[in-house]
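Here is what each chain is made of, one letter per residue.
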Amino acid sequence: MRVRLPLVLLLLVGFEGCSSNSSIPPVSPSAARTYNGSASVGDFLNITLDPVGKTLTYTDVSNGGTGIAPYSVNADGTYTLNDPNSNLIAAYEVPNYALLLQANKTGPNKDMPALITAVLSGPISLATWEGRTYNYMQFRTSSGGMEVGSVAVGMDASINNSSYWPYGAINQSSAFHAGTMSASAAQADPTGTFFKRPDDGGNGTFDYIFGTANGIFAVDTPQGAILGLKQAASKNFDPTFAGTYNAIYYQKTGASTGMGNFEVGAPALGQATMNITAAGQITVQDANGNTLVQETPLIPFADAPYLYGTPSELQNPCWGLFTFRITDPNASTQQDVFVTFMDRAILFSSFKTALPPNQGNTYDYLYGVGLR
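About the criteria used
Residues numbered from 1 in each chain as written. Predicted model: local features only at pLDDT ≥ 70, side-chain atom pairs only at ≥ 80, totals over all residues. Heavy atoms only, no water. Helix = DSSP H or I, 4+ residues; strand = E, 2+ residues; numbered from the N terminus. Buried < 20%, exposed > 50% of the residue type's maximum accessible area, 1.4 Å probe, protein only. 1 Å grid on protein atoms, 1.4 Å probe; cavity = no way out; pocket = protein on both sides within 12 Å on 5 of 7 lines; lining within 4 Å. Points joined across faces, edges and corners; volume = space filled by probe spheres on them. Nonpolar A, V, L, I, M, F, W, Y, C, P; charged D, E, K, R; others polar. Polar contact = N/O pair within 3.5 Å; in protein donor to acceptor, adjacent residues only side chain to side chain. Contact = heavy atoms within 4.5 Å. Phe/Tyr/Trp six-rings, centres within 6.5 Å; stacked < 30°, edge-to-face > 60°. Lys NZ or Arg CZ within 6 Å of the ring centre and 35° of its normal.

(A) Expanded view of the environment of Gly370. As for its placement among the helices and strands, Gly370 is situated in strand E26 (residues 363-371). Since its relative accessible area comes to 0%, Gly370 is described here as buried. Residues Gly370 and Thr193 lie 177 residues apart in sequence; the distance between their C-alpha atoms is 23 Å.

(B) Layout of empty space enclosed by the protein. Of the volumes computed, that of the largest cavity is approximately 120 Å³. Taken together, the elements giving at least two residues each to the lining of the largest cavity come down to strand E7 (98-106), strand E8 (112-120), strand E16 (216-221), strand E17 (224-230), strand E25 (345-354) and E26. Counted by class, the lining of the largest cavity contains 13 nonpolar, two polar and no charged residues. In this structure, the second largest cavity occupies an estimated 40 Å³ of space. The wall of the second largest cavity is formed by Leu126, Trp129, Glu130, Val153, Ala157, Ile159, Ala183, Ile209 and Phe217. Class assignment of the residues belonging to the lining of the second largest cavity gives a composition of eight nonpolar, no polar and one charged.

(C) Region of the structure containing the layout of surface pockets. If you add up the space inside the largest pocket, you get close to 610 Å³. Taken together, 30 residues line the largest pocket, and the ones lying closest to its centre are Val41, Pro108, Met112, Thr141 and Pro222. Those elements that provide at least two residues to the lining of the largest pocket are E8, strand E15 (206-212), strand E18 (243-257) and strand E19 (263-276). Considering every element that reaches the lining of the largest pocket, the biggest residue donor is E19, with four residues. A per-class count over the lining of the largest pocket returns eleven nonpolar, 14 polar and five charged.

(D) Local environment of the side chain of Thr353. For Thr353, the location among the structural elements is in strand E25. There is a polar contact of 2.9 Å between the side chain of Thr353 and the backbone oxygen of Thr362. Residues within four places of Thr353 in sequence aside, it is in contact with Ile170, Ser332, Thr333, Gln334, Asn361, Thr362 and Tyr363.

(E) Here's a closer look at the packing of aromatic side chains. Across all of its chains, the model carries 21 aromatic pairs by this definition. Here the aromatic rings of Tyr245 and Phe341 are separated by 5.8 Å at their centres, their planes lie at 70 degrees, and the arrangement is edge-to-face. Here Tyr245, found in strand E18, pairs with Phe341, found in strand E24 (residues 333-342); they are 96 residues apart in sequence, far enough to count as distant. Take Tyr245 and Phe341: they sit in the same class, and that class is buried. Site record: aromatic cluster; members linked through ring pairs are Phe139, Trp165, Tyr167, Tyr250, Phe351, Tyr363, Tyr365 and Tyr367. One residue, Lys196, lies across the ring of Phe206, its end atom 4.1 Å from the ring centre.

Listed below in C-alpha cells is the structure:
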C-alpha cells in the first residue's frame, strides 16, 4: 500500500462522525500503560507511560533510539516532556486508549519532526481486523503529506485500499488509486501486540501492523503512518461525537518535491483545542487561545461528486468520512479538508494548492489527531 494548511485550515476539521462509541477500560491511577505508535515520518515505537513516576519510556524500533522522559501534567491535561534526548516535546493521552506525541528527532537520522499516534497495546491477531472495512488517512512527511480513503481487510488477510491523493493531481499522475497488499507473511511479535512484515518497497525495511479490537487498524510503513477507524453505519453526522478535543498536528507550508522524491518546505508541529457542538459547529483555538476557525459545515464523503460516484473515483462511499472544499473567489487556490471520528478520537487532514494544478505548484498540507 503506497499511501502518502495553514493552521487555520487544518483545524477546520472537526465535526462529523464515524462510528458508534465503545467503552474504554477503567484506568487504575497507578498502573503503567503501554502503547504502540507510528510516526508520520515512518518510525514504529513502543511506549510505556508510568503515571506514578511521571515518566514516559520509549523505544524507536525503526531507528534504534531509546529514552526516558520525565513529564508534568498541565492544567489542560496535556503533558510537557523533559526528554534528555530533546526528541519528545509534548503529549496528550486518553488513558488506556490512545496517546499523541510531538517528536523532534525521528527518521533514519534522528533529525526529523513528526507526529506520533499511539494506541493501547494489547493482545491482537489478524482475525482482529479480518472482515472489516475502515476509513483511513496516511500521514507522511513527503509526496504531498496525506492520503485518504478506505481499506478493507479480507478473511484471507488481504488488505485492499481505495484512496484519494490530492498531490497526484499536481505531479501529473492520478489523484485516485486502488491497491492490494497481503498480511499473510506477517509474523506476530512475541508480545502478541503487533505484527511485522517485509515492506513491499524492499530494501530490508518492514511494516508494523497493530491496532485495537474495538475498531482501530494501523500500519506503520517506511513511508508514513496509516491510521484506520472502523467505518460508520451511516454517512450522517453522529451528535455523540460532540465535545472538546485536544489535538496535535503536523503541517508543512510552501512544499515542493524535487529529484529523488525529496520534499522541501517549512515543517511545524503544534497543539490546538477543538470544540464541536451536537449540531456540527466547530470552534478551534490555538495554544495561545486565539480563535482560528468557527462554524464550517462538512459534507459526507459519499456526497462529494468530485470524490465518489464514478468508476474513476473512490470505490467505497467511506461512511463516517467527511470533507469540504474551499476555492477562493478568484478560483486561484483550492483546499480540501477531511475528517473522520470514532469513539473519542478524530483524524483530520488538509491539502491546499494553486489552480490549475500542475507540477510547478507549491502546496501546503496539514494533518493531526484529536482526543477527548
